[in-house]
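So the chains spell out like this:
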Amino acid sequence: MANLPENEGAEDTSCGFVALIGAPNAGKSTLLNQLVGAKVAIVTHKVQTTRTRITGIGMYEKTQLVFIDTPGIFEPKRRLDRAMVSAAWQGSADAENTVLLIDARKGITADDERIIKALQKIERTVILALNKIDGMRRDSLLALMAKLNETGVFSDTFLISALKGDGVNDLKAHLASNAPKGPWMYPEDQLSDTTMRILAAEITREKVYLRLHEELPYATTVETESWEDRPDGSVRIEQVVHVERETQKGIVIGKGGSMLKKLGQMAREEMETEFGCRVHLFLHVRTTERWADDKTMYQDMGLDFVD
Ligand SMILES: Nc1nc2c(ncn2[C@@H]2O[C@H](COP(=O)(O)OP(=O)(O)OP(=O)(O)O)[C@@H](O)[C@H]2O)c(=O)[nH]1
Ligand SMILES: [Mg+2]
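Scoring rules and cut-offs
Per chain, residue numbering runs from 1 following the sequence as it is written. Throughout, the order in which chains and ligands are written sets their labels, letters from A for the former and numbers from 1 for the latter. Note on the predicted model: pLDDT of at least 70 is required for a residue's local features to be given, and 80 or more for side-chain atom pairs to be given and counted; whole-chain, interface and lining totals, by contrast, use all residues. Pairing between strands is defined by DSSP: at least two bridges between them are needed. We count a stretch as a helix when DSSP gives it H or I for four or more residues in a row; a strand needs E for two or more, and each element gets its number in order from the N terminus. Only the stretch in contact is used when fitting a helix axis, every axis being a line fitted to C-alpha atoms; angles between N-to-C directions are given from 0 to 180 degrees. Partly exposed residues are those falling between the two cut-offs: more than 12 but fewer than 20 other C-beta atoms within 10 Å of their own, whereas 20 or more means buried and 12 or fewer means exposed, with C-beta atoms placed from the backbone. By definition, residue pairs are in contact when their C-beta atoms, positioned from the backbone, come within 7 Å. Domain segmentation is taken from an automatic or database assignment of domains. Under this grouping Gly is polar, as are all residues other than the nonpolar Ala, Val, Leu, Ile, Met, Phe, Trp, Tyr, Cys and Pro and the charged Asp, Glu, Lys and Arg.

A. Just the sheet that holds strand E1 (residues 14-22), in detail. In spatial order, the strands read E2-E3-E1-E4-E5-E6; together these six strands make up an open sheet with mixed pairing. One side of each edge strand has no neighbouring strand; the edge strands of this open sheet are strand E2 (54-60) and strand E6 (154-159). Direction aside, neighbouring strands of the sheet carry axes that sit 25 degrees apart on average. Pairing analysis gives five bridges linking E1 to strand E4 (residues 97-103), with the strands arranged parallel. When the sheet's bridge partners are listed, Leu20 is paired in E4 with Val99.

Shown next as structure tokens:
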């Protein structure tokens, strides 16, 4: 056969969009990475890790599935929270299939109830993925499943462990069987449509979330200011860690610069693995008092600025 671009001309391919929604910390980003088979979204033990919609691309036989990871849906208070909630619902509206993840260990939380009510209101059915079943008792899972199915918003139920991968392939097969016939949207080997600049900023933000405690992570954002491909195949990346207050700056920098150095080292190592090349990373810390009210910052994060 001639060298056709992508799978043009193929008649037996399918391509579908799938949104992953759920309360903060339910395991959406872990599931996304598992479905794609690579790390495209950052994962931490903290709530509200994901801020923007992240697309991951996975193949199942001749079906391409385009997954949209969304920020956890919770009660929005700050402007950034509102933008995140709006991104999550938008992601779901754009997709043919929506998977609602519920942390089985927590049972049905107030956040879950809020999401289910919203789905009932718009009369949308979604796929239920009861997550974190690893180490859980079957009878309590079945009771939870029965209770959730009384809500009438679920077309199908899957019991999964996004962390261990249990049940994920069955879910993927089901999503593939729901995908409409049609050509693929992306090359077969593409894993994400997130730009390298955003990915690099997310990697550093993950390290900030992992190393710094309490409110600090939520008061920070990371911006890739410059990206330069060097002739020797390496990249030079300059990033700014924005904090809201001068005192927070000191914490991010640490004694004699020790924290910043550690953050930079962890981020650089991961970038080198992800990008497959040497990385020269330069981190700066800047106090940008109202970054969470700054329109351009939202554009950089891929979020809409909502009033
Ligand atoms: N035991 C267990 N832990 C899990 C599982 N899936 C996710 N986790 C953990 O749950 C935490 C949250 O996972 P994330 O994937 O970041 O959750 P999220 O839904 O994307 O969170 P937000 O982006 O904050 O909305 C991490 O510590 C994960 O390792 C699972 O199947 N089993
Ligand atoms: Mg997430």
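Having seen the structure, we can now continue with the description.
B. Representation of unusual backbone geometry in the model. The backbone phi angle of Glu61 is positive, close to 50 degrees, even though this residue is not glycine. Position of Glu61 among the secondary structure elements: in the loop between E2 and strand E3 (63-69). According to the C-beta neighbour criterion, Glu61 is exposed, with 11 such atoms within 10 Å. At Lys132, a position not held by glycine, the phi torsion is positive, near 65 degrees. Checked against the element boundaries, Lys132 lands in the loop between strand E5 (126-131) and helix H4 (138-149).

C. Molecular detail of the sheet that holds strand E9 (residues 279-287). Here we have three strands laid out as an open sheet, ordered E7-E8-E9, and mixed in their pairing. The sheet terminates laterally at strand E7 (221-229) and E9, the two strands that pair on one side only. The sheet shows a mean angle of 20 degrees between the axes of neighbouring strands, taken without regard to direction. In this structure, strand E8 (residues 235-243) lies alongside E9, joined through nine bridges in parallel fashion. Bridging across to E9, Arg236 finds its partner in His280. Strands E7 and E8 of the sheet are contacted by helix H6 (residues 196-211), whose axis makes an angle of about 135 degrees with E7. Set on the sheet, helix H8 (residues 258-275) makes contact with E8 and E9; between it and E9 the angle comes to about 135 degrees.

D. Representation of the pairing of E3. Of all seven residues that make up E3, seven are buried, and the element is covered over most of its length. What you see with E3 is no split at all: Thr63, Leu65, Phe67 and Asp69 on one side and Gln64, Val66 and Ile68 on the other are buried throughout. Pairing geometry for E1 and E3, over seven bridges, is parallel. If you follow Cys15 over to E3, its bridge partner there is Gln64.

E. Region of the structure containing the domain arrangement of the protein chain. As far as domains go, the protein chain holds domain 1 (14-178) and domain 2 (196-301). The gap between the C-alpha centroids of domain 1 and domain 2 is 28 Å. Taken together, the contact pairs 12 residues of domain 1 with 13 residues of domain 2. Considering only residue class, the side of domain 1 that touches domain 2 consists of three nonpolar, four polar and five charged.

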